[in-house]
Amino acid sequence: MTRIPLLRCSCNGIIPSFISFFVNSHSASAIAIRDYSSSHSNTDNVKCLDDALTLFGRMVRTQPLPSVFSFSKLLKTIVNMKHYSSVVSLFRQMLKSGIPIDGFILSIAINNYCLMYRSDCGFSVLAIYLKKGIPFNVVTFSTLLRGLFAESKIKDAVNLFKKLVRENICEPNEVMYSVVMNGLSKMGHTQKTFDLLRVMEQGSIKPNAYIYSIAINALCKDRMLHAAISLFEEMKQKGIPPDIVTYSSLIDGCCKLGQWEEVRTLFFEMVNLNIYPDVCTLTIVADGLCKEGKVEDAEEVMKHMIEKGVEPNVVTYNVIVDGYCLRGQMDRARRLFDSMINKGIGPNIFSYDILINGYCKKKKLDEAMHLFHEISRNGLKPSIVTYSTILKGLFDAGRTDIVQKFFADMLSMGLRPNLCTNCILLRGYFQNGLVEKAMSLFHELERKREDIDIELYTIIIDGLCKNGQLDKARAFFEKLSLIGLFPNVITYTTIINGLCLEGLLDEAKDMLREMEHNGCSPNNCTYNVIVQGFLKCGKFSEMNTFLKKMSGRDFSFDAEIASNGMAEAENMQLEHCLSFPS
C-alpha cells in the first residue's frame, strides 16, 4: 500500500510552503456552469472511494472552481467513509493547487488527523489558520482535545484546556467541557471530572443535562452510586430536567451493583415524565440481568421492548445470547441467534464470537467450526478474537493436529497474534504435553521482543510445573528480577503450587514468606494451594497450625479443595491402616 506523506507534524515545525492562490481570469461559459452544477459537485452519488476521487478530479478541473462548501462536503464524505489517508492526500493537493480553503475545511483536516491518532499533525494545521488569517474557533480546539484524549495524552489535553482558558484564546462552550469531562471520565479520573463540573457551575457557561450525565456516569463507573444519585437529585433541584442519557447512565450504575429496586423506581419516574426508555436503556437493563444470571428476565425485557414498539438491535441480542452461553444453555443461545437473523437483524462479528466461544466451552467443536465457516459466507471477516477462541477450543478438545493449520490460516488473513493469542497457544501446548512446542514459541517471542510480560512468564512457570519440570520452572522464576519483571500474586501462587505438587511444603512456606516480604499480598487461592498441599501429603497437624496462623486474616477455606484433599487423605490413612508388615 502506498504511504501518503503527512504534513510536517509538529506545532513548532516547518510548515510546507504553500503555492499562492491562483484564479483563472477566463470566464466560463454558461453551458459549463450548468453542466457542473448538475453533476460535478453532487456528493449524493458517491458510494465508494473511487467515486469520491473521480468527483474530486472533475471538481479541480472545472472552471470556475466549485464553492469551498462543495469541497468541504466531499472531504467530509470521505472522512465518514474512513479513508483517512486519502483525505490527507486531497487536502495537500488543495493546498498546493491554490484551491480556496476556509475554517471548515481546516477543521475537517484536523478531525481527520485526530481520527488517525495523529493529533500532532492536527496541531500543524493551526499554522495554516495563521497564514491565511482564519480565526481559530471552539470547534477547532474541541477536536484537538478529543484527539489528545483518544491517544491517552491526558496531561497534554488538560494543559491545552487550561491554556485556552487562562490566555483567553477561546472561550469553552458546553461541547468543549463535555469533551474534556468525557476524556477524563473514560481514563478513570472521576474526581477530576466531578471537580470540572463544579468549576463549570461557577462560570458563565452552566452545565446542561448532558454534562451532568457525564459526571453521573463517571461516578457510577467508579461504583460511587450514592454520590451519583445525590448529583442526580441536585440537578433536578436546580431545574435541569434529566434526559434519556441521564437516566440510562444511572440505570447502568444501578444494574451493575444489583440495585434492582432503584432501577424499577427510575423506570417509573421516567415514564411519569414522558421519557420513554430507548433501545440503549433497555439493553443496559438486559445486560445487567444477564450478568446476574437472570437471562430469562432479560429476554422478557426484550419482549416488552418489542411490545412497546422499541425494536431491539444486534447489541441487545448479543447481550442475551452471551447470557445463555455463560450458563451453558447453547440451544437457547442458538435459538435466539437464529430468531435475530429471521427478524432481519444481521449478526456482527461479536455475535459469532459469543456463540463460538459458548460452543467451545461446551466442547462442541463441530458446531463452533460450522459457525466459523458461516462468517465469511455472510460477508464478515473473522477477527483475532474469533481465531483465538477457536484455537483455545481446539486445544481444550485435544485437537492439536489441526492447530498449526488453523494458525497458518489466521496469519494468511493478515491477522497478527496478540498477547491473548500467544497466551492461548502457550497454555494449549503445555496443557497437551507439548512442552517443546511451547518453549520453542516462547523463545521465538523472546527473540522478536513481542509482548513478553509477567503473564507469559507465569504461563511458562505453570506449564513446566505441571509437566514435571520444577527445576526449569524455578530457573524461570529466579530470572524474573534479572530482566526487570516482578512476580505478581498469580506468579507466586503458581510456583508455590508447583512446590506443593512435588511435596516440597517447607519450600512452599518459604516462598510464601518471601512473597509477603516483597510486598505482594497472598490471596485466598495462595492459601488454599498450600492447604491442599498439606492435605495431599497427609500432614494434618501442620495444616492445623497453618490454619490457626491464617485465622486472623481474611481467608476462607475452599470447600471443593478441602473435600478433594480430605478424600485423598482419608484414602491414604485407610491404606496405611490396612497395610501389613512384610
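To be clear, the structure that these remarks concern was listed above.
In what follows, the accompanying structure is described. (Residues numbered from 1 in each chain as written. Predicted model: local features only at pLDDT ≥ 70, side-chain atom pairs only at ≥ 80, totals over all residues. Heavy atoms only, no water.)

The next subject is the packing of helix H25 (residues 435-448) against helix H26 (residues 454-466). Packed helices, taken two at a time, are described by the angle between their axes plus the distance between the axes. Interhelical geometry of H25 versus H26 gives an angle of 160 degrees and a closest axis separation of 11 Å. What the angle tells us is that H25 and H26 run roughly antiparallel. Judged by the sense of rotation from one axis to the other, the crossing of H25 with H26 is left-handed. Contacts from Val435, Met439, Phe442, Leu445 and Glu446 of H25 reach H26 at Leu456, Tyr457, Ile460 and Leu464. Here the residues of the contact of H25 with H26 are counted per class, giving eight nonpolar, no polar and one charged. (Axes fitted to C-alpha atoms, helices over the stretch in contact; angles between N-to-C directions. Helix = DSSP H or I, 4+ residues; strand = E, 2+ residues; numbered from the N terminus. Parallel < 35°, antiparallel > 145°, perpendicular 65-115°, else oblique. Left-handed = near helix turned anticlockwise from the far one by under 90°. Contact = heavy atoms within 4.5 Å. Nonpolar A, V, L, I, M, F, W, Y, C, P; charged D, E, K, R; others polar.)

All chains considered together, the criterion is met by 14 aromatic pairs. Measuring from centroid to centroid gives 5.1 Å for Phe442 and Tyr457, while their planes differ by 80 degrees, and the two rings are edge-to-face. In this pair, Phe442 sits in helix H25 while Tyr457 sits in helix H26, placing the two residues 15 residues apart along the sequence. Each of the two residues, Phe442 as well as Tyr457, counts as buried. Ring geometry for Phe442 and Phe476: centres 5.8 Å apart, planes at 75 degrees, overall edge-to-face. Placement of Phe442 in helix H25 and of Phe476 in helix H27 (residues 470-479) is noted, with a sequence separation of 34 residues between them. Of the two residues examined, Phe442 and Phe476, each falls in the buried class. Here the aromatic residues Tyr129, Phe136 and Phe141 are joined through ring pairs into a cluster of three or more. (Phe/Tyr/Trp six-rings, centres within 6.5 Å; stacked < 30°, edge-to-face > 60°. Buried < 20%, exposed > 50% of the residue type's maximum accessible area, 1.4 Å probe, protein only.)

Time to look at the pattern of salt bridges. Taken as a whole, this structure holds 28 salt bridges when the rule is applied. Residues Glu233 and Lys236 are paired through a salt bridge, measuring 3.5 Å at the closest nitrogen-oxygen approach. Taken together, the residues span about one helical turn, with Glu233 and Lys236 both in helix H13 (residues 225-237) at a distance of three residues. For Glu233, a relative accessible area of 32% gives the class partly exposed. Of the residues examined, Lys236 reaches a relative accessible area of 27% and is grouped as partly exposed. (Salt bridge = Lys/Arg side-chain N within 4 Å of Asp/Glu carboxyl O.)

A few words on helix H30 (residues 524-537). In this model H30 runs 20 Å from its N-terminal to its C-terminal C-alpha over 14 residues, within 8% of the 20 Å that 1.5 Å per residue would give. Inspection of H30 places Thr526, Tyr527, Asn528, Val529, Ile530, Val531, Gly533, Phe534 and Leu535 among the buried residues, and these make up the whole buried set. Between the side-chain oxygen at the start of H30 and the backbone nitrogen of Cys525 there is a gap of 3.1 Å, and the oxygen is on Asn523. Count one or two residues on from H30 and you reach Gly538, which has phi positive near 70 degrees. (Expected span 1.5 Å × (residues − 1). Polar contact = N/O pair within 3.5 Å; in protein donor to acceptor, adjacent residues only side chain to side chain.)

Okay, the environment of Thr389 next. Of note, Thr389 is situated in helix H22 (residues 384-396). Overall, the relative accessible area of 13% leaves Thr389 in the buried class. A C-alpha to C-alpha distance of 9.5 Å links Thr389 and Ala368, two positions 21 residues apart in sequence. Not counting chain neighbours up to four residues away, the residues in contact with Thr389 comprise Ile356, Asn357 and Cys360.

Turning our eyes to something else, we now look at helix H28 (residues 489-501). With 13 residues, H28 ought to run about 18 Å at 1.5 Å a step, and its terminal C-alpha atoms sit 18 Å apart, in line with that. Residues Thr491, Tyr492, Thr493, Thr494, Ile495, Ile496, Asn497, Gly498, Leu499 and Cys500 constitute the buried set of H28. Considering only its buried residues, H28 is in contact with H26, H27, helix H29 (505-517) and H30. One side-chain oxygen of the residue at the start of H28 lies 3.0 Å from the amide nitrogen of Ile490, identifying that residue as Asn488.

A separate point is the side chain of Asn318. By the secondary structure assignment, Asn318 is in helix H18 (residues 314-326). In this view, Asn318 contacts Asn348, Phe350, Ser351 and Ile354; residues no more than four positions away in its chain are not counted.

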